[in-house]
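Okay, here's what each chain looks like letter by letter:
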Amino acid sequence: MKTDSQLQHDVMEELRWDPMVDHTEIGVSASAGVVTLSGIVQSFSQKDAAERATKRVRGVKAIAEELTVRLPRQRQNADAEIAKRITDVLGWNTLVPDDCVQVKVEKGYVTLTGCVDWNYQSIAARDAVAKISGVVGIRNEIQIKATPASGDVRQLIEEAIKRLAALDAAEIEVKAEGHKVRLYGRVHSWAERRAAENAAWSAAGVNEVVNNIVVTV
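Time to look at the overall build of the chain. Scanning the chain from N- to C-terminus turns up 6 helices and 11 strands. Here the C-alpha atoms of the chain give a radius of gyration of 19 Å, agreeing with the 17 Å that 2.2 N^0.38 yields for 217 residues. If one aligns the C-alpha atoms of the chain with their principal axes, the spans along those axes are about 55 × 50 × 20 Å. Out of the 217 residues belonging to the chain, those deemed buried represent 39%.

Next up on the list: the packing of aromatic side chains. Summed over all chains, the structure comprises 0 aromatic pairs. A cation sits over an aromatic face here: Lys175 above Tyr184, 5.3 Å from the ring centre.

Bringing the packing of helix H3 (residues 79-92) against helix H4 (residues 119-130) into the picture now. Packed helix pairs are characterised by how far apart their axes lie and by the angle those axes make with each other. Where H3 contacts H4, the two axes come as close as 10 Å, and the packing angle between them is 135°. The orientation of H3 relative to H4 falls into the category oblique. Classified by chirality, the crossing of H4 by H3 is right-handed. Residue-level contacts link Ile86, Val89 and Leu90 of H3 to Ala125, Ala128 and Val129 of H4.

Another point: the nonpolar core. The biggest cluster of nonpolar side chains holds 59 residues, and the ones touching the most others in it are Val11, Leu15, Ile26, Leu37 and Ile157. Residues in contact with Leu15, not counting those within four places in the same chain, are Val21, His23, Ile26, Val28, Leu37, Ala50, Ala53 and Thr54.

Within the open sheet, the 3 strands sit side by side as S1-S2-S3. Their pairing is mixed. Strands with a single pairing partner mark the edges of an open sheet, and in this sheet they are strand S1 (26-31) and strand S3 (62-69). In this sheet, adjacent strand axes meet at a mean angle of 10° when their direction is disregarded. Sheet analysis places S1 next to strand S2 (residues 34-41), joined by 6 bridges and oriented antiparallel. Looking at S2, one finds that Ser31 is bridged to Val34. In the packing of helix H1 (residues 4-17) onto the sheet, contacts are made with S1 and S2, and the angle to S1 comes to roughly 150°.

What counts as what
Residues numbered from 1 in each chain as written. Predicted model: local features only at pLDDT ≥ 70, side-chain atom pairs only at ≥ 80, totals over all residues. Heavy atoms only, no water. Helix = DSSP H or I, 4+ residues; strand = E, 2+ residues; numbered from the N terminus. Rg over C-alpha atoms; globule rule 2.2 N^0.38 Å. Buried < 20%, exposed > 50% of the residue type's maximum accessible area, 1.4 Å probe, protein only. Phe/Tyr/Trp six-rings, centres within 6.5 Å; stacked < 30°, edge-to-face > 60°. Lys NZ or Arg CZ within 6 Å of the ring centre and 35° of its normal. Axes fitted to C-alpha atoms, helices over the stretch in contact; angles between N-to-C directions. Parallel < 35°, antiparallel > 145°, perpendicular 65-115°, else oblique. Left-handed = near helix turned anticlockwise from the far one by under 90°. Contact = heavy atoms within 4.5 Å. Core = buried A, V, L, I, M, F, W, Y, C linked by side-chain atoms within 4.5 Å. Pairing = 2+ DSSP bridges.

Below, the structure is given as structure tokens:
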């Protein structure tokens, strides 16, 4: 198991390695596998990239993300301009259904609301907004429709997890309560944890997934 100083060093090196991250004003601390990111980044997309880079590092069990987006003065845009850019980008995105997502912008903070059929559509909307200049924060409140379930949701998800080569299905427990699914167990990386969650979201009839899977090393 890595020491706190080793984990801190590895995260800092991964941030330096990632060309999408300006690491110069990011602070990193580590304690028992929990990594805290603090400091300033110049765009929301950099904030996302820093978090993704940290998740790639072996030994990271959890992330406390305390980064602040501080836009350069020349890139501070009016909310109306940001909102227009967002609606244009969502309109062009083939993964986001037309007229299903509403946008609110206040001082650069974006709130997404509405209702879509699948979770990947909500993720696509959020990821598209994250790349827009002027955005300093996102609250994704898009709802997933409660579509009729096809068969035993729990069984379908368990079978999907078994098909994933990267996952040990025996380490993951699935509990389904109507349209809500809870995942429990242990995996060895954030990628495995995310893969299990994606498998749960892919079952028809699921509109909420609570991921309680723990990342261990």
